[in-house]
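# Structural overview for review
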Amino acid sequence: MGAAVFFGCTFVAFGPALSLFILTIARDPLRVIILVAGSFFWLVSVLLSSLIWFISVQVSNKNDSSLQYGLLIFGAAISVLLQEVFRYAYYRLLKLPTPVPSLKQNISTDNNGTFLFSPTVSGFSFGIISGVFSVINILADAVGPGIVGVHGDSQYYFLTSAFLTMAIVFPAHLLGHHILCRL
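Residues numbered from 1 in each chain as written. Predicted model: local features only at pLDDT ≥ 70, side-chain atom pairs only at ≥ 80, totals over all residues. Heavy atoms only, no water.

Of regular secondary structure, the protein possesses 6 helices and 0 strands. Counting from the amino terminus, the protein carries its helices and strands in the arrangement α-α-α-α-α-α. Once local pairs closer than 6 in sequence are excluded, the contacts in the protein between residues at least 24 apart make up 74%. As displayed, the protein has an accessible area near 11,000 Å², and 72% of this comes from carbon and sulfur atoms. (Helix = DSSP H or I, 4+ residues; strand = E, 2+ residues; numbered from the N terminus. Contact = heavy atoms within 4.5 Å. Areas by Shrake-Rupley, 256 points an atom, 1.4 Å probe, with all protein chains shown as cover.)

This is how it looks when you write it as structure tokens:
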């Protein structure tokens, strides 16, 4: 039963993203490179925010619970801020002039000033990697051992988490990156 829950929730969480990847991104090697590079930028932003939070916790008083709670909120705010800063930095990196014509076509704008597919691909990369990080521990628990719902907990925990991850991966980061690119 654990494997069925694991694969079912994985395909619920990443099924639409996988189909979008196969149908639109996987056909062009430059889009795959943009996808991987965008994921790397997200990982660096999370690493930097975790370093800031870790250092702030280490230099503070660990016995003061209200201070630790404030540092947790500070860490979450810094993480969101750094992710958006890195998203914008990656967008600006993609907008740099390039001498390679095929790369320029995939990254820049067309004659009407509308963006081509690369902003969507880079936003999609941020969505995929953040979705993987948000659901990987839940999916690891789905494999077992143990049963959810024994002590009155919801038996739909894994399925709800999968749908929430799908909501994070698919529309939120795609729309967020398009809004950012219009700035």
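The rest of the description comes next.
Taking 1.5 Å per residue as the helical rise, helix H2 (residues 29-59) with its 31 residues ought to reach 45 Å, and the 45 Å between its terminal C-alpha atoms agrees with that figure. For H2, the set of buried residues is Ile-34, Leu-35, Gly-38, Ser-39, Phe-41, Trp-42, Ser-45, Ser-49, Ser-56 and Val-57. (Expected span 1.5 Å × (residues − 1). Buried < 20%, exposed > 50% of the residue type's maximum accessible area, 1.4 Å probe, protein only.)

Ranked by internal contacts, the top residues of the largest apolar core, which has 26 residues, are Tyr-90 and Phe-124. At the level of elements, helix H1 (2-25), H2, helix H3 (65-94), helix H5 (118-143) and helix H6 (157-181) are the ones that each hand at least two residues to this core. (Core = buried A, V, L, I, M, F, W, Y, C linked by side-chain atoms within 4.5 Å.)

Mapped onto this numbering, the UniProt entry annotates "transmembrane region" (unreviewed entry) at residues 6-25, 32-55, 67-86, 114-136 and 156-176. Here residues 6-25 is 100% helix and 0% strand, with 26 Å between the C-alpha atoms at its ends. Between the C-alpha atoms that bound residues 32-55 there is a distance of 35 Å. The span itself is 100% helix and 0% strand. (UniProt positions renumbered as here; feature names shortened; annotations may be inferred.)

Compared with the 44 Å implied by 1.5 Å per residue over 30 residues, the 43 Å span of H3 between its first and last C-alpha is a close match. Taken residue by residue, H3 has Gln-68, Leu-71, Gly-75, Ile-78, Ser-79, Leu-82, Gln-83, Phe-86, Arg-87, Tyr-90, Tyr-91 and Leu-94 as its buried positions.

As a further point, take the environment of Leu-43. Note on placement: Leu-43 falls in helix H2. A sequence separation of 86 residues divides Leu-43 from Ile-129, and the C-alpha atoms of the two residues are 7.9 Å apart. Apart from residues no more than four positions distant in its own chain, Leu-43 is found in contact with Ile-129 and Phe-133.

In this section: the pattern of salt bridges. Side-chain pairs of opposite charge can arise whenever the charged atoms involved come near each other. Under the definition given, this model contains 1 salt bridge. Measuring nitrogen to oxygen at the nearest pair gives 3.4 Å for the salt bridge that ties Arg-87 to Glu-84. Of this pair, Arg-87 and Glu-84 both sit in helix H3, 3 residues apart, roughly one helical turn. Its relative accessible area of 36% is what places Glu-84 among the partly exposed residues. (Salt bridge = Lys/Arg side-chain N within 4 Å of Asp/Glu carboxyl O.)

This part covers the confidence of the model for the protein. Averaged over all residues, the pLDDT of the protein equals 79, while 77% of them reach at least 70. In the model of the protein, helix H4 (residues 101-107) stands out as the element of lowest mean pLDDT, 54, in contrast to H2, which has the highest, 89. (pLDDT = per-residue confidence, 0-100.)

It is worth spelling out the packing of H2 against H3 at this point. At their nearest, the axes of H2 and H3 sit 8 Å apart, and the two run at 150° to each other. As judged from the angle between their axes, H2 and H3 are roughly antiparallel. H3 is crossed by H2, and the crossing has right-handed handedness. Within the contact of H2 with H3, the residues separate by chemical class into 20 nonpolar, 8 polar and no charged. (Axes fitted to C-alpha atoms, helices over the stretch in contact; angles between N-to-C directions. Parallel < 35°, antiparallel > 145°, perpendicular 65-115°, else oblique. Left-handed = near helix turned anticlockwise from the far one by under 90°. Nonpolar A, V, L, I, M, F, W, Y, C, P; charged D, E, K, R; others polar.)

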